[in-house]
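A look at the structure
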Amino acid sequence: MKKTKNILIIKHGALGDLIQADGIFKSIRHHHKNANIFLLTSQKFIDLMSMCPYVDDQLIDNRPSFFNIISYINLYKKIAKYNFKIIYDLQNSQRTYIYRKYIFNKIKWVSTNRKNHEISGLRGLEEMLKENSVEIKNALRPDVRWLSADVKNLLKKNKILPQYIVLLPGSSKSNPLKRWPYFSKLANLLILKKLEVVTILGPEELEMEHSMPGHVLKNLNWNQLSGVIENSYFIVGNDSGPCHIASCLNKKGLALFGPSTSAIRSELKRGRFEIFKVRDLNNLTADEVFKKMMEILNKK
């Protein structure tokens with residue numbers, strides 16, 4: 001069937017925000033079945049979102065300085081040629097406000113029109129869709145199984161046995177208070193319990209490689225990361241993008257929160273994936289985390 005119009009969705013990041021917005025993307029796709037849907041996002045997420053079944057194509061916006069007038073002119077030229085009928089602004093940032101007011105003010109623009117929803121940004125997007133007559137039954141039901149690769153050979157190569165537990169000790173380096181410092185102690189405890197432990201490290205956590213017992217996987221691509229998480233028995237991590245992948249794969253798991261970010265606003269608690277918020281992550285012991293893991297695993 002020939003697609004009759006072009007629609008643009010703006011979502012620059014971060015990783016967790018893109019992943020948990022899967023249901024929003026799906027809702028927009030179903031509302032515009034006959035449209036070409038483009039995503040305007042950051043360069044680092046192009047490979048990730050190229051696999052999303054609800055997006056036909058992508059455009060790059062690396063968000064240069066506000067004073068770089070040439071970049072705005074180039075962005076206008078890049079976008080104007082597609083003659084977009086509607087722009088869905090899922091970012092709702094100061095930058096996209098400028099885009100709306102000064103660059104694309106003749107295109108129908110759909111946004112939340114508010115800085116913060118009282119519950120979370122994701123709930124604000126759900127409300128935005130509802131206000132614009134978009135069916136919302138899938139909005140809060142992300143399912144990113146489309147991201148997962150077959151990792152049987154990867155697991156076999158690394159001699160990882162079934163029913164392994166994944167540890168995700170990383171999170172944004174810009175907010176070190178989000179990191180629980182005792183993942184190595186938890187790994188040792190799990191190994192003493194005869195459990196298989198796999199730690200996944202991203203580019204910002206490679207210094208942990210030699211301090212983590214058990215299996216360590218590093219430099220995985222998006223598909224491998226999701227595949228290893230999907231095939232795991234349980235996941236423990238910080239407030240991070242990979243934990244959002246686990247949550248949106250409906251895995252049993254646990255995200256650890258201190259006081260620096262809101263566990264409720266994160267929308268990580270979903271289905272069998274739970275959150276554990278404490279006043280000070282430095283005072284949260286490996287034994288306490290293990291006890292919480294067992295409570296979740298023993299739930300019917």
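Below: a short report on this structure.

Procedures and definitions
Residues numbered from 1 in each chain as written. Predicted model: local features only at pLDDT ≥ 70, side-chain atom pairs only at ≥ 80, totals over all residues. Heavy atoms only, no water. Phe/Tyr/Trp six-rings, centres within 6.5 Å; stacked < 30°, edge-to-face > 60°. Helix = DSSP H or I, 4+ residues; strand = E, 2+ residues; numbered from the N terminus. Buried < 20%, exposed > 50% of the residue type's maximum accessible area, 1.4 Å probe, protein only. Pairing = 2+ DSSP bridges. Axes fitted to C-alpha atoms, helices over the stretch in contact; angles between N-to-C directions. Contact = heavy atoms within 4.5 Å. Patch = residues over 30% accessible without salt bridge, like charges linked within 9 Å, V, L, I, M, F, W, Y side chains within 5 Å. Areas by Shrake-Rupley, 256 points an atom, 1.4 Å probe, with all protein chains shown as cover. Salt bridge = Lys/Arg side-chain N within 4 Å of Asp/Glu carboxyl O. Polar contact = N/O pair within 3.5 Å; in protein donor to acceptor, adjacent residues only side chain to side chain.

Re the packing of aromatic side chains
Two numbers describe a pair of aromatic rings. These are the distance of the centres and the angle of the planes. Going through the model one piece at a time under the given rule, you end up with 8 aromatic pairs. With centroids separated by 6.0 Å and ring planes inclined at 20 degrees, the aromatic side chains of Tyr76 and Phe104 adopt a geometry described as stacked. In this pair, Tyr76 is assigned in helix H4 (residues 69-80) and Phe104 in the loop between helix H5 (94-103) and strand E5 (108-110), connecting sequence segments 28 residues apart. Overall, the relative accessible area of 42% leaves Tyr76 in the partly exposed class.

Quick look at the sheet that holds strand E3 (residues 57-60)
The sheet built from 5 strands is open, its strands ordered E3-E2-E1-E4-E5 with parallel pairing. Two strands bound the open sheet, and with one partner strand each, they are E3 and E5. Along the sheet, successive strands turn relative to each other by an average axial angle of 25 degrees, direction set aside. Across the face of the sheet, helix H2 (residues 22-31) comes into contact with strand E1 (5-10), strand E2 (35-41) and strand E4 (86-89) while running at roughly 150 degrees to E2.

Let's talk about a nonpolar patch on the surface
A cluster of nonpolar residues, Ile69, Ile70 and Ile73, forms a patch on the protein surface that exposes about 290 Å² of accessible area. Structurally, Ile70 can be placed in helix H4. Ile70 gets classed as exposed once you look at its relative accessible area, which sits at 55%.

Examining helix H9 (residues 222-230)
Along H9, the residues classified as buried are Leu225, Ser226, Gly227, Val228 and Ile229. On its buried face, H9 is in contact with helix H7 (152-157), strand E6 (165-168), strand E7 (197-201), strand E8 (215-218), strand E9 (234-238) and helix H10 (241-248). At the N-terminal end of H9, a side-chain oxygen is found 3.1 Å from the backbone nitrogen of Asn223, two or three residues along, and the residue is Asn221.

Notes on the environment of Leu90
Its location among the elements puts Leu90 in the loop between E4 and H5. Along the primary structure Leu90 and Leu268 are separated by 178 residues, whereas in three dimensions their C-alpha atoms are 18 Å apart.

Examining the side chain of Glu274
For Glu274, the location among the structural elements is in strand E11 (residues 273-277). The buried category is assigned to Glu274, whose relative accessible area is 10%. Setting aside residues no more than four positions away along its own chain, Glu274 makes contact with Gly253, Leu254, Ala255, Lys269, Lys292, Ile296 and Lys299.

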